[in-house]
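Reading the structure
Next come the chains, spelled out residue by residue.
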Amino acid sequence: MPVEEFVAGWISGAVGLVLGHPFDTVKVRLQTQNTYRGIVDCVLKTYRHESLLGFFKGMSFPIASVALVNSVLFGVYSNTLMALTTTSHQERRAQPPSYTNIFIAGCTGGLLQAYCLAPFDLIKVRLQNQTEPRVQPGSHQPRYRGPVHCAASIFREEGPQGLFRGSWALVLRDTPTLGMYFVTYEGLCRQYTPEGQNPSSATVLVAGGFAGIASWITATPFDVIKSRMQMDGLKGRKYRGMLDCMASSFRQEGVGVFFRGMTLNSARAFPVNAVTFLSYEYLLRLWR
Ligand SMILES: CN(C)C(=N)NCCC[C@H](N)C(=O)O
């Protein structure tokens, strides 16, 4: 099994993650709190109240877990493709796999990464939603003191299954959209690369960026539901399940609720995924 695929997935994910975290924090707040008038209002309030550090809340666990999550995504994708087509990453330019196989491999990678991602993503979302400024002696303490305290509190208060709150919505968000993610990336690379050659860095950046945008646009409705389910349970249960969350969000806020955060998801997706794919391809070529 090519270990490099897993390692390349890890490093490339970490680079993308740091770059995109501030966008992600603003998006999560807009999706789960009704106190902001829009992106600019949320950015200004976060900055004034919590300083620049407010945008980086909840980042440490994603950085620690990106090794697992991204190496599972890229590793499972690549190894599933290898099982379906019997070609390695290096041979794939000369013998390009079909889009159906790419889609199946992407969905498989998405499904497995969603399960690994679920508890880390839950902790990230809970910490991103804490709007208290940095703790000063004597000031109001936020509910969670950090990622480990957050994980332990959820485990204690909501049970081990509490750590997987929102995971169904996460699986539904990631399985088809990651199939689409890899199909878009491969399709654009093939379109702009002479047959049999490796795509240039510019092509990888553009194809990675657009793959990110396309997948995040389609992922946004389930992203909203996932974030709301993850925040449910913090102050008692508001929703009876995922379907109830969808129905009651729709009833109270209209169809627009399913597109909340789409602009930020798309803006974040281009640089994050351009850099992710560029470092992934670069590392694999370096180790060949
Ligand atoms: C639409 N979805 C869920 C994705 N495209 N997922 C792959 C994510 C890659 C990168 N770490 C990111 O956060 O954009």
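Residues numbered from 1 in each chain as written. Predicted model: local features only at pLDDT ≥ 70, side-chain atom pairs only at ≥ 80, totals over all residues. Heavy atoms only, no water.

With an unreviewed UniProt entry as reference, the chain is termed Solute carrier family 25 member 45, source organism Nannospalax galili. Quoted straight from UniProt, the Subcellular location (unreviewed entry) entry for the chain says "Mitochondrion inner membrane". (UniProt positions renumbered as here; feature names shortened; annotations may be inferred.)

**Describing the UniProt feature "transmembrane region" (unreviewed entry) in the chain**
Mapped onto the present numbering, the UniProt feature "transmembrane region" (unreviewed entry) falls at residues 55-78 and 98-118. Helix makes up 79% of residues 55-78 and strand 0%. Its end C-alpha atoms lie 33 Å apart. Taken end to end, residues 98-118 comprises 95% helix and 0% strand; its first and last C-alpha atoms sit 30 Å apart. (Helix = DSSP H or I, 4+ residues; strand = E, 2+ residues; numbered from the N terminus.)

**Let's talk about the environment of N265**
Take N265: it is sitting in helix 9 (residues 262-287). Apart from residues lying up to four places away in sequence, N265 is in contact with K27, Q31, W216, T220 and D223. (Contact = heavy atoms within 4.5 Å.)

**A look at unusual backbone geometry**
Even without being a glycine, S51 presents a positive backbone phi close to 65 degrees. Judged by its relative accessible area of 33%, S51 is partly exposed. (Buried < 20%, exposed > 50% of the residue type's maximum accessible area, 1.4 Å probe, protein only.)

**Section: the site of the ligand**
What surrounds the ligand is the set R173, D174, T177, L178, Y181, S215, W216, A219, R268, V272 and N273. Contact between the ligand and W216: an oxygen atom at 2.9 Å from a side-chain N or O atom of the residue. Contacts to the ligand include N273, whose side-chain N or O atom sits 3.0 Å from an oxygen atom. Look at the ligand: alone it shows 380 Å² of surface, and the protein chains cover 91% of it. When residues of the shell around the ligand are traced back to their parent elements, those giving at least two are helix 6 (167-191), helix 7 (201-231) and helix 9. (Near = heavy atom within 4 Å. Polar contact = N/O pair within 3.5 Å; in protein donor to acceptor, adjacent residues only side chain to side chain. Areas by Shrake-Rupley, 256 points an atom, 1.4 Å probe, with all protein chains shown as cover.)

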